[in-house]
Amino acid sequence: SLAWETFDGARRRAGLPHAGLLVITFALFWVQVIGHEAAHEAALAAAKHFYPPLAFEHRLPRPVQIAFFAGGPAFTVALIGLCALAATRLHRPDAVLMTIALGCSAVTRIIIVGPATLFGAANDERAIGAQLGVPPQTLGICEMILAAVVVRIFWRTIPMSSRRDT
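This part takes up the overall build of the chain. Secondary structure summary: the chain contains 6 helices and 0 strands in total. Taken from the N to the C terminus, the helices and strands of the chain come in the order α-α-α-α-α-α. Out of the 166 residues belonging to the chain, those deemed buried represent 36%. Sequence-distant contacts in the chain: of pairs separated by 6 or more residues, those separated by 24 or more amount to 67%. Taken as a whole, the chain presents about 10200 Å² of accessible surface, with 71% of it coming from carbon and sulfur.

Turning our attention to helix α6 (residues 136-157). A rise of 1.5 Å per residue sets the reference length of α6, with its 22 residues, at 32 Å; its end C-alpha atoms lie 32 Å apart and thus fit the reference within 8%. Those residues of α6 not exposed but buried are P136, G140, E143, A147, V150, F154 and T157. Angularly, the buried residues of α6 cover 110° about the axis, an arc narrow enough to put them on a single face. Residues of α6 that are exposed and angled more than 90 degrees away from the buried face: I145 and R156.

Below, the discussion takes up the nonpolar core. If you look at the biggest cluster of nonpolar residues, it comprises 15 residues, and the most contacted ones within it are I80, I100, V107, V150 and F154. Where this core is concerned, the elements lending two or more residues are α3 (62-89), α4 (93-118) and α6. Residues contacting I80, with those up to four places away along its chain left out, are G103, A106, V107, I110, L146 and V150.

Turning our eyes to something else, we now look at the side chain of S105. Tracing the backbone through its elements, the reader meets S105 in helix α4. Those residues within four positions of S105 in sequence are excluded, and the remaining contacts are T25, L28, F29 and Q32.

The next subject is the packing of α3 against helix α5 (residues 124-132). At a closest axis distance of 9 Å, the pairing of α3 and α5 adopts a crossing angle of 150°. Of the two possible hands of crossing, α3 and α5 adopt the one that is left-handed. Two secondary-structure elements touch here, α3 through R62, Q65, I66, F69, A70 and P73 and α5 through D124, E125, A127, I128, Q131 and L132. Split into classes, the residues belonging to the contact of α3 with α5 amount to 7 nonpolar, 2 polar and 3 charged.

Moving on to the packing of α3 against α6. How two helices sit against one another is set out by the angle between their axes and by the gap between those axes. Between α3 and α6, the shortest axis-to-axis distance is 9 Å and the interhelical angle comes to 25°. Relative to α6, the element α3 is oriented roughly parallel. In this structure, the crossing between α3 and α6 has a hand that is left-handed. Between α3, through P73, V77, I80, C83, A84, A87 and T88, and α6, the contact on the second element is made entirely by E143, L146, V150, I153, F154 and T157. Per-class residue counts for the contact of α3 with α6 are 10 nonpolar, 2 polar and 1 charged.

Rules used in this analysis
The written sequence of each chain sets the order in which its residues are numbered from 1. This being a predicted model, a pLDDT of at least 70 is required before a residue's local features are given, and a value of 80 or more before pairs of side-chain atoms are given or counted; all residues contribute to the totals for chains, interfaces and linings. Neither water nor hydrogens contribute to the side-chain values; these are computed over all heavy atoms in the structure. A helix here means a DSSP run of H or I that spans at least four residues, while a strand means a run of E at least two residues long, and both kinds are numbered starting from the N terminus. Only protein chains enter the accessibility calculation, which uses a 1.4 Å probe; a residue is then buried when its area is under 20% of its type maximum, exposed when over 50%, and partly exposed in between. Residue contacts follow a heavy-atom distance rule, with two residues in contact if any of their heavy atoms lie within 4.5 Å. Under the convention used here, a 1.4 Å probe and the Shrake-Rupley method define accessible areas, while residue burial counts only the protein chains that appear. Given a helix with a known number of residues, its expected span is that number minus one, times 1.5 Å. Taking the helix axis as origin, the arc is that swept by the directions to the C-beta atoms. What we call a nonpolar core is a set of buried Ala, Val, Leu, Ile, Met, Phe, Trp, Tyr and Cys residues that are connected through their side-chain atoms within 4.5 Å. Structural elements are reduced to axes, namely lines fitted to C-alpha atoms, with helices fitted over the stretch in contact, and the angle between N-to-C directions of any two is expressed from 0 to 180 degrees. Handedness of each helix crossing follows the sense of rotation of the near helix against the far helix: counterclockwise by less than a right angle gives left-handed, clockwise gives right-handed. Side-chain classes are defined by residue name, with Ala, Val, Leu, Ile, Met, Phe, Trp, Tyr, Cys and Pro counting as nonpolar, Asp, Glu, Lys and Arg as charged, and the others, Gly among them, as polar. Each angle gets one of four labels, with under 35 degrees taken as roughly parallel, over 145 as roughly antiparallel, 65 to 115 as roughly perpendicular, and the rest as oblique.

If you want it as C-alpha cells, here you go:
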C-alpha cells in the first residue's frame, strides 16, 4: 500500500530498523520472561530429584534455594551469551537480525532489573546474593556489564543494509 511504502521509505532514510523487528523483539521479550520463570521451576524440580522429600518438610536446603533463585538469571545470561555467539557466527542477515532481537529481549530484563538491584529491591539477584554471601549490587553490576558488552557486539554485527549510513 501507499501508506506502507511511505512509512518504509521514511524508515530507511532515518536508518530505523524494520517495524516488524520491533514487534518481534517485544514478543520475544515475553517469551524470554516465560523461559526465565520456567527455568526457576526446572531448577527446583531438578534439585528435588537430588534431595529426598523429607528435606523439604520445614525449609528448602540451601543448595536447592540457590538453584531455584539462580535458575532464571542463569537462563537469561545463557540466552544472551548464546545470542551473542550466534550473531557473530551466522551469515544470513535475517537470521542475524532475529538472533539480535532475541538477545535484546533478554538484555531488556537486565536493563529493567539492574537499577532496582542496585537500590536493594527484592529480586532474584538479592536472593542469590544472600545465599552466596555476595552483595546483590555486585551481581547486578556484573549483569549490566555483560548487557553492555553484548549490546556492543550486537551493534557491530547488525547487517549493513539495516544500519543508517553515516
